[in-house]
Amino acid sequence: MRLFCCSELRKTLCSKQRTFFSPRGLHRVMLLFLASLFALSSGILSLDELNMCMNAKHQKVEPGPEGALFHQCAPWSDNACCTANTSEEAHNDYSYLYNFNWNHCGAMSSKCKKHFIQDTCFYECSPHLGPWIQPVDQSWRKERILNVPLCKEDCEQWWEDCKDDVTCKTDWHKGWDWSSGTNKCPADSKCRKWTDVFATPKSMCEQVWSYSYLYTTYTKDSGRCMQLWFTGSNPNKKVAEYYLNAAQRGQSFPVFMLLFLSVILFFCNNVLA
């Protein structure tokens, strides 16, 4: 009886193996393999986010070298989303870029203004903002950045150099009086000391541009924060790559489960059926 059972079991297993390795079975394995590659390729294609430009008002369609970027925008010359003309206008008061008046509560100090110029260079020129680009329904742009993690030193020095200035608004993206063609403080506001409007570096960096930036405690040597100020090669590409890879790791579990369930289904249909 025992010999008979073993013999029948061997016959059954051999039959299943023939089914599994039959042309039809191998064809289905190939389809499964191709489906897996397709699922994984969606993550690989997102690497384009490491080198891209926003669909906004002045950025180029694709990043590339710009040999003559002006002054504070010069660090992006090797690979930039801005043109030389944009970089020059970023340094001007009442620039045609946005007709924005830094001096809306009297003359802004030069030590404070240099940070807003640098912020403009970063926004207009950086090709490594992909992980934080979000679609937006606005007349002057189709995309924006949201919660870009800034290095602690850059944010705190920005606030420190502006703390003796004055302003009338917390969010500089909206709520201005544009009746004259440039921004003025709205009638129901008044100019106040910077530290009364922005009590901390965190509040300034996050609120001034509607949470385009995120205050972090990461320092520049951490590789976990974006630098507004740098010299030499752009360190922000590696930072963007880190956050992009982190996002992909978060997506890997659903992909794994999809593949796992597909294999189980295939096994049930071809081996156990």
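In the block above lies the structure referred to throughout.
Given the structure is predicted, the values throughout are model-derived calculations rather than measurements.

Caption draft 1: Region of the structure containing the overall build of the protein chain. Secondary structure summary: the protein chain contains eight helices and six strands in total. Going from N to C terminus, the protein chain has its helices and strands arranged as α-α-α-α-β-β-β-α-β-β-α-α-β-α. Here the protein chain holds 273 residues, and 41% of them are scored as buried. Counted over contacts in the protein chain with a minimum sequence separation of 6, partners at least 24 positions apart contribute 66%. Summing over all exposed atoms, the protein chain offers an accessible surface of approximately 15,400 Å²; the carbon and sulfur share of this is 60%.

Caption draft 2: Structural context of the packing of aromatic side chains. Applying the stated criterion across every chain, the model contains 20 aromatic pairs. Centre to centre, the rings of Trp132 and Tyr243 are 5.5 Å apart; their planes meet at 65°, and the pair counts as edge-to-face. Residue Trp132 is located in the loop between helix H4 (110-125) and strand S1 (133-138), and its partner Tyr243 is located in helix H8 (residues 236-272); the two are separated by 111 residues in the primary sequence. Ring centres of Trp158 and Tyr213 lie 6.4 Å apart, and the angle between their planes is 70°; this geometry places the pair in the edge-to-face category. With Trp158 in helix H5 (residues 152-162) and Tyr213 in strand S6 (residues 213-215), the pair connects residues that are 55 residues apart, well separated along the chain. With respect to burial, Trp158 and Tyr213 carry one shared label: buried. The ring of Trp176 has Lys169 sitting right over it, with the charged end atom 5.5 Å from the ring centre.

Caption draft 3: Representation of the pairing of strand S2 (residues 141-145) within the structure. Bridging between S1 and S2 involves four bridges; their strand directions are antiparallel. By the bridge assignment, Ile133 is partnered in S2 with Ile145. Linking two consecutive strands that pair antiparallel, namely S1 and S2, is a turn of two residues.

Caption draft 4: Summary view of the state of the cysteines. Evaluated as defined, the whole model comprises eight disulfides. The partner cysteine of Cys53 in its disulfide is Cys81, sulfur to sulfur 2.1 Å. Torsion about the S-S bond of the Cys53 and Cys81 cystine: about -95°, corresponding to left-handed handedness. Of this pair, Cys53 sits in the loop between helix H2 (23-45) and helix H3 (84-89) while Cys81 sits in the loop between H2 and H3, placing them 28 residues apart in sequence.

Caption draft 5: Focus on the nonpolar core. Of all hydrophobic cores here, the largest spans 50 residues; its most connected members are Phe116, Trp158, Trp172, Trp194, Trp209 and Tyr213. At the level of elements, H4, strand S3 (148-150), H5, helix H6 (194-197), helix H7 (201-207), S6 and H8 are the ones that each hand at least two residues to this core. If one sorts the elements of this core by residue count, H4 sits on top with seven residues. In contact with Trp194, other than residues within four places in its own chain, are Cys112, Phe116, Trp159, Cys162, Lys163, Asp165, Val166, Thr167, Trp172 and Met204.

Caption draft 6: Fine view of H4. Its 16 residues place the ends of H4 22 Å apart at the C-alpha level, agreeing with the 22 Å of an ideal helix rising 1.5 Å per residue. Of all 16 residues making up H4, 13 are buried, and the element is well covered by its neighbours.

Caption draft 7: Geometry of the side chain of Lys113. Following the sequence through the fold, Lys113 ends up in helix H4. Not counting the four nearest positions on each side in its chain, Lys113 is found in contact with Asp93, Trp102, Asn103 and Met108.

Caption draft 8: Seen up close, the environment of Lys174. Within the fold, Lys174 resides in the loop between strand S4 (166-167) and strand S5 (192-193). Spatially, the C-alpha atom of Lys174 lies 9.9 Å from that of Val208, the residues being 34 residues apart in sequence.

Caption draft 9: Molecular detail of the packing of H4 against H5. With their axes 7 Å apart at the nearest point, H4 and H5 run at an angle of 140° to one another. Along this stretch, H4 crosses H5, giving a crossing that reads as left-handed. Between H4 and H5, the contacting residues are Lys111, Cys112, Lys114, His115, Phe116 and Asp119 on the first element and Gln157, Trp158, Asp161 and Cys162 on the second. Classifying every residue of the contact of H4 with H5 gives four nonpolar, two polar and four charged.

Caption draft 10: Structural view of the environment of Leu129. Looking at where Leu129 falls in the secondary structure, it is placed in the loop between H4 and S1. By relative accessible area, which is 2% here, Leu129 ends up buried. If we skip the residues at most four places from it in the chain, Leu129 touches Met54, Phe122, Tyr123, Ile145, Val148 and Met226.

Calculation notes
- Residues numbered from 1 in each chain as written.
- Predicted model: local features only at pLDDT ≥ 70, side-chain atom pairs only at ≥ 80, totals over all residues.
- Heavy atoms only, no water.
- Helix = DSSP H or I, 4+ residues; strand = E, 2+ residues; numbered from the N terminus.
- Buried < 20%, exposed > 50% of the residue type's maximum accessible area, 1.4 Å probe, protein only.
- Contact = heavy atoms within 4.5 Å.
- Areas by Shrake-Rupley, 256 points an atom, 1.4 Å probe, with all protein chains shown as cover.
- Phe/Tyr/Trp six-rings, centres within 6.5 Å; stacked < 30°, edge-to-face > 60°.
- Lys NZ or Arg CZ within 6 Å of the ring centre and 35° of its normal.
- Pairing = 2+ DSSP bridges.
- Disulfide = S-S within 2.5 Å.
- Core = buried A, V, L, I, M, F, W, Y, C linked by side-chain atoms within 4.5 Å.
- Expected span 1.5 Å × (residues − 1).
- Axes fitted to C-alpha atoms, helices over the stretch in contact; angles between N-to-C directions.
- Left-handed = near helix turned anticlockwise from the far one by under 90°.
- Nonpolar A, V, L, I, M, F, W, Y, C, P; charged D, E, K, R; others polar.

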